Amino acid sequence: MRIVSIVGTRPQLIKAAALGPALRARHEEVFVDTGQHWDEELAGVFFAELGLPRPDVSLGIGGGSASEQVGRMLPALEGVLRAVRPDAVLVYGDTNSTLAGALAAAQQGIPLAHVEAGLRSFDRTMPEEVNRVVADHLARWCFAPTPTAVANLAAEGIRDGVVLVGDVLQDLAARTIPEIRDPAVLAEIGQRLLGDDGAFRPGGYCFATVHRAANRSPEAMRRWLELLAVVAGPTRPVVLPLHPGTRAAIEAAGLVLPVGVVVVPPVGYRTSLALQLHAAAVVTDSGGVQREAAWLGVPCLVLRETTEWREAVEGSAGRVVVVGLDPDRARAALERLAPVERSAELARERDRKSTRLNSSHSQISYAVFCLKK
């Protein structure tokens, strides 16, 4: 089959890196990047780091509101699909690129496959929730990562074409963790990001990511900056790879990053995973990062009131905690999970563990096998 795969953001590039080899081994892939996050700092590094081929088609559609992006992506993707005439379109996750790809495929009567189908936060105020629901209801194949996702689809009347395949990110994490388990990796990262090979020590920092549109309003930014001020301390700073869009929103609102927050440029997948593994704790609004933290066994504070990754929370033995933007809840969770006086010891214990992360590669390969005329 000829399959058009559509990506547009860094998390989707990571997922494509996990699924791509199995996909290309069986099918002809035309790899399309909408450019939703495109620049070398935000996405370019991922191609080299993850061994991804450069896109066959780069649309360069970034910036603007969600509606503006989708409005510009639709005619561009329509042109690609008319030219390529694929047998199927494959989309990942819940972004504007996912929605545009799903709509473009449906409008031309091309079968759609959705990776990470069935996830639900049950909060329709989240653009991501709307995007994933629409994609699921338009898809011929719904590749679900968890049993809960399968149940969610069934509750909405979607049963045909649903396949439980596991989490594509888990495959890539399983392959990468052996490379970053030794804390000596922190010296290279510190030198590269801050010019100081002693900048990062196991348990000596917290790692944070904040990027969702819901957390870019002035009030939301004020609240999560206040939360980071509580998390940061004189002996345990917060390391924050700052998304350019988030930086611009902070500056436009006249807000200031609190003392103890160390800003670094956006980082690649391997660096992000290493900084998570050796951190005292992770603070994030990212679905991908909260899952990675759960697999790594790192305490994780989720800066949202709901999450579509319920298994990550419920299966973490209390290490993944949904705290919203409440500094008091964050403080209490950190005191329980990562007390300052024990954070280095706990990180070293985690580093020494030899438990191997299971890969779901065989299931993902099965999902690729399911793609047939």
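Here, the structure is the one placed above.
*Asks:* For the side chain of T176, give the residues involved together with the corresponding values.
*Replies:* Tracing the chain through its elements places T176 in helix α7 (residues 168-180). Residues within four places of T176 in sequence aside, it is in contact with Y269, R270 and L273.

*Asks:* If you had to explain unusual backbone geometry to someone new, which residues and values would you point to?
*Replies:* Although it is not a glycine, R85 sits at a positive phi angle of roughly 50°. Considering the arrangement of structural elements, one finds R85 in the loop between α3 (66-84) and β4 (88-92). One non-glycine residue, E116, adopts positive backbone phi at about 75°. Here E116 shows up in the loop between β5 (112-115) and α5 (127-138).

*Asks:* How would you sum up the packing of aromatic side chains? Please name residues and give values.
*Replies:* Overall, the coordinates contain one aromatic pair when judged by the stated rule. A cation sits over an aromatic face here: R140 above W141, 5.5 Å from the ring centre. Just above the ring of W309 sits the side chain of R291; from NZ or CZ to the centre is 3.6 Å.

*Asks:* Can you tell me about the sheet that holds β4, naming the residues and giving the values?
*Replies:* Strand order in the open sheet formed by seven strands is β3-β2-β1-β4-β5-β6-β7, and the pairing between neighbours is parallel. Taken across any chain shown, the strands that pair with only one partner, and hence form the sheet edges, are β3 (57-58) and β7 (162-164). In the sheet, β5 pairs with strand β6 (residues 141-144) via three bridges, with the strands oriented parallel. Looking at β6, one finds that A113 is bridged to W141.

*Asks:* A description of the pattern of salt bridges should follow, citing residues and the corresponding values.
*Replies:* A complete count under the given rule lists 22 salt bridges for this structure. Here E129 ties to R132 by a salt bridge, and the two come within 2.3 Å at their closest N and O atoms. Note that E129 and R132 are positioned in helix α5 at a spacing of three residues, about one turn of the helix. On the basis of relative accessible area, R132 is assigned to the buried category, the value being 2%.

*Asks:* Lay out the nonpolar core in plain terms, naming residues and giving numbers.
*Replies:* Formed by 87 residues in total, the largest nonpolar core has its most connected members in V89 and F143. With 30 residues, the next largest nonpolar core counts V210, V283, A333 and A338 among its residues.

*Asks:* Could you give me a rundown of the sheet that holds strand β9 (residues 238-241), with the residues and numbers involved?
*Replies:* As summarised here, the arrangement of the six strands in space is β10-β9-β8-β11-β12-β13, forming an open sheet in which the pairing is parallel. Only two strands of the sheet have a single neighbouring strand rather than two, namely β10 (261-264) and β13 (320-322). Taken over all neighbouring pairs, the strand axes of this sheet differ in orientation by 20° on average, direction set aside. Relative to β9, strand β8 (residues 206-209) runs parallel, the two sharing two bridges. Counterpart to C206 in the pairing with β9 is V238.

Procedures and definitions
Residues numbered from 1 in each chain as written. Predicted model: local features only at pLDDT ≥ 70, side-chain atom pairs only at ≥ 80, totals over all residues. Heavy atoms only, no water. Helix = DSSP H or I, 4+ residues; strand = E, 2+ residues; numbered from the N terminus. Contact = heavy atoms within 4.5 Å. Phe/Tyr/Trp six-rings, centres within 6.5 Å; stacked < 30°, edge-to-face > 60°. Lys NZ or Arg CZ within 6 Å of the ring centre and 35° of its normal. Pairing = 2+ DSSP bridges. Salt bridge = Lys/Arg side-chain N within 4 Å of Asp/Glu carboxyl O. Buried < 20%, exposed > 50% of the residue type's maximum accessible area, 1.4 Å probe, protein only. Core = buried A, V, L, I, M, F, W, Y, C linked by side-chain atoms within 4.5 Å. Axes fitted to C-alpha atoms, helices over the stretch in contact; angles between N-to-C directions.

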